Amino acid sequence: MREKFGLLTSIYILLWGTCLCSSVVKNNCLKVTSFWPINGDFDSPTGNSGVHRHAGTLNGTAVYSKPDKSGFHISFESRHHGLPMVLLVDRGESFLTSKAWYGRHAGAVAILIADDINEPLITMATSEDGQAYGESEQDIVIPAAFISKSLGDRIKEAISNGDVDIHLDWRESLLHPNERVEYEFWTNSDYECGPKCESQHEFIKNFKGAARILERKGFIRFSPHYITWYCPEPFALSNRCKSQCINHGRYCVPGLDQGYDGQDVVVQNLIQACLFKVANESGKPWLWWDYVTEFANSCQSKKKYTKECAYKVIRSLAGTELDKIDNCVGDTEANVENPVLEAERDARIGKESLGDITILPTLLINNRQYRGKLEKGSVLKEICAGFHETAQRLFCLREEADGFRDMALDGGRHSDEQ
């Protein structure tokens, strides 16, 4: 069986017709340093999951292991002279989450996945199916990278003849520092799509306080974004499209059997996008974080996942302008384009060197895709790396200062009165 990395191929093609999209592989540099026949630099795409040493390096010795009969347990013995172990395994047989979990507990500091066929390098993403073995994406706390079949075969052959030292270099992934950090969060309003949705909403709840402080001080510029698909015009009025699209099939989110209707998710995405647009224009972009958190608390159940519940939450938040938001949302049943969702579509395919955004959630910081755990501490560290050293902000140097900690715990609310 091919390993279920879960490159997010558009499963929605089956529902909405042909979709041509592209993504750009983000590489770190892998160097073989101790075995002269293959000494040199090689590309190794960074996985979407795991803890990566952004702007850093890692040295270790390669150790190759085959899975045992159960298909995902990994065992190996180190025979090297003290360098940490970099585990090399083959693609296939088991999930990335399982390999990384067992590799970490066996003492590996990084994991390399060797492809099992000759093909262009890809970016690895974890599969939710890995949950079946008791591990999850959050358990991947070592960096993971993908290498070609040919390089994997050469390293395995070299290991059989002696020690092979590996040098991983993430310095090219360093953000372009400047005076103000810009970041985008590609997300959705769905609460019923499994662990991915649960993790992104947990991140929003935990990061809200820090985000409010960062935005209010003018240190960063934040924008949320949403992905939609379309229903081919001949099927726009079909029952399937009506249940999963708005504006006559122009904007769709395929629904899940056990979750919300896709149509309802699109409407909630649009409300969130419009709320941010109006709040940003009024100089209070942080209201998006307050709304999304409160909406999750008040409207998560399927019966309450409605436009009426969303508007009730908006009315409860000081500083929001419901009439402007409602005007932005417009008539979702009309056969017209929605300017906000059209802009979202343009943003999704206009990333130039990044390619199309296809995986949710995706976080971009200074126009570079963040790879690592979606949790407050890791993301704050990456944001801080985006400032010039001369512009390093106080909260980066003293993140645990009482004032910042208290405001973050309080959701940053009392900073509005300062």
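If you're wondering where the values come from, they're calculated on a predicted model, not measured in any experiment.

K.L.:
Could you clarify how one ought to interpret helix H2 (residues 96–105) in this entry?
P.N.:
Among the ten residues that make up H2, seven are buried, leaving the element largely enclosed by the rest of the structure. Where H2 is concerned, the buried positions are Leu96, Thr97, Ser98, Lys99, Ala100, Tyr102 and Gly103. Where the residues of H2 are buried, they touch strand E4 (85–90), strand E5 (108–114) and strand E6 (144–147). Positive backbone phi, approximately 105°, marks Gly107, located one or two places after H2.

K.L.:
Sorry if this is basic, but what is going on with the sheet that holds strand E8 (residues 181–187) here?
P.N.:
Adjacent strands of a sheet pair through backbone hydrogen bonds, lying either parallel or antiparallel. If you walk across this open sheet you meet the four strands as E9-E8-E12-E13, and the pairing is mixed. Either end of the sheet is taken by a strand with one partner, and the two such strands are strand E9 (220–226) and strand E13 (368–369). The pairing of E8 with E9 spans seven bridges and is classified as parallel. Across the sheet, residue Thr187 finds its bridge partner in E9, namely Tyr226.

K.L.:
Looking at this structure, how should I read the environment of Ser238?
P.N.:
Residue placement: Ser238 occurs in the loop between E9 and helix H5 (239–244). On a C-alpha basis, the gap between Ser238 and Gly249 in space is 9.2 Å, while along the polypeptide they are eleven residues apart. Among the polar contacts made by the side chain of Ser238, one reaches the main-chain carbonyl oxygen of Phe235 at a distance of 2.7 Å.

K.L.:
What exactly am I supposed to notice about the side chain of Thr293 here?
P.N.:
Within the secondary structure, Thr293 sits in helix H7 (residues 287–299). With near-sequence residues (within four places) excluded, Thr293 lies in contact with Ile204, Lys205 and Lys208.

K.L.:
What should I look at first to understand unusual backbone geometry in this one?
P.N.:
Negative phi is the rule for most residues except glycine; trans is the rule for most peptide bonds. Located in the positive-phi region is Asn366, a residue other than glycine, with phi close to 50°. Mapped onto the elements of the fold, Asn366 is located in the loop between strand E12 (362–365) and E13. When its relative accessible area of 10% is taken as the criterion, Asn366 is described as buried. Notably, Asn367 is not glycine yet its phi reads approximately 65°, a positive angle. Its place among the elements puts Asn367 in the loop between E12 and E13. Looking at Asn367, the relative accessible area reads 41%, which means it is partly exposed.

K.L.:
What is the right way to look at the state of the cysteines in this model?
P.N.:
The term disulfide refers to a covalent linkage connecting the sulfur atoms of a pair of cysteines. Summed over the entire model, instances satisfying the criterion amount to four disulfides. One disulfide in the model links Cys231 with Cys241; its S-S distance is 1.7 Å. Taking the torsion about the S-S bond as the criterion, the Cys231 to Cys241 disulfide, at about 45°, is right-handed. Here Cys241 lies in helix H5 and Cys231 lies in the loop between E9 and H5, a separation of ten residues in the sequence. Between the sulfur atoms of Cys299 and its disulfide partner Cys309 the distance amounts to 2.0 Å. Linking Cys299 and Cys309, the disulfide has an S-S dihedral of approximately -85° and is accordingly described as left-handed. With Cys299 in helix H7 and Cys309 in helix H8 (residues 307–316), this pair connects stretches of sequence that are ten residues apart. Residue classification places Cys299 among the buried positions, given a relative accessible area of 0%.

K.L.:
Whenever I open this one, the pattern of salt bridges confuses me. Can you help?
P.N.:
Two side chains that carry opposite charge are able to pair once their charged atoms sit near each other. Per the counting criterion, the structure on display carries eleven salt bridges. Between Arg221 and Glu182 there is a salt bridge whose closest N-O contact spans 2.6 Å. Here Arg221 is found in strand E9, whereas its partner Glu182 is found in strand E8, with 39 residues between them in sequence. Across the pair Arg345 and Glu342 runs a salt bridge, and its minimum N-O distance is 3.9 Å.

K.L.:
Please clarify how the side chain of Thr187 should be interpreted in this entry.
P.N.:
One can find Thr187 in strand E8. Here the side chain of Thr187 touches Gln200 through a polar contact of 2.7 Å, side chain to side chain. With residues up to four places along the chain from it excluded, the contact list for Thr187 reads Gln200, Ile204, His225, Tyr226, Trp288 and Leu360.

K.L.:
How should the pairing of strand E3 (residues 57–64) be read in this particular structure?
P.N.:
In the case of a regular strand, side chains alternate between the two sheet surfaces. Inspection of the sheet shows E3 paired to strand E7 (residues 165–169) by five bridges, in the antiparallel sense. Residue pairing for E7: Thr61 is matched across the bridge by Asp165. As paired elements, E3 and E4 share four bridges and run parallel to each other. Residue pairing across strands places Ala62 opposite Val86, the latter belonging to E4.

K.L.:
What is the right way to look at the nonpolar core in this model?
P.N.:
One recurring pattern in soluble globular proteins is that nonpolar side chains are buried together. Counting residues in each nonpolar core, the largest one holds 56 residues, and the members touching the most others are Tyr183, Phe207, Trp288, Trp289, Tyr291 and Ile383. Considering every element that reaches this core, the biggest residue donor is helix H6 (residues 262–281), with ten residues. Core analysis: the next-biggest nonpolar cluster, separate from the first, contains 20 residues, Leu58, Ala62, Leu88 and Ala158 among them.

K.L.:
How do you make sense of the environment of Ser150 when you look at a structure like this?
P.N.:
Relative to the helices and strands, Ser150 is located in helix H3 (residues 149–159). For Ser150, a relative accessible area of 42% gives the class partly exposed. For the pair Ser150 and Glu119, spaced 31 residues apart in sequence, the C-alpha to C-alpha distance is 9.9 Å. Side chain to side chain, Ser150 and Ser148 meet in a polar contact 3.2 Å long.

Each value, and the rule that gives it
Residues numbered from 1 in each chain as written. Predicted model: local features only at pLDDT ≥ 70, side-chain atom pairs only at ≥ 80, totals over all residues. Heavy atoms only, no water. Buried < 20%, exposed > 50% of the residue type's maximum accessible area, 1.4 Å probe, protein only. Helix = DSSP H or I, 4+ residues; strand = E, 2+ residues; numbered from the N terminus. Contact = heavy atoms within 4.5 Å. Pairing = 2+ DSSP bridges. Polar contact = N/O pair within 3.5 Å; in protein donor to acceptor, adjacent residues only side chain to side chain. Disulfide = S-S within 2.5 Å. Salt bridge = Lys/Arg side-chain N within 4 Å of Asp/Glu carboxyl O. Core = buried A, V, L, I, M, F, W, Y, C linked by side-chain atoms within 4.5 Å.

Geometric descriptors of this kind do not, in isolation, establish any biological role.
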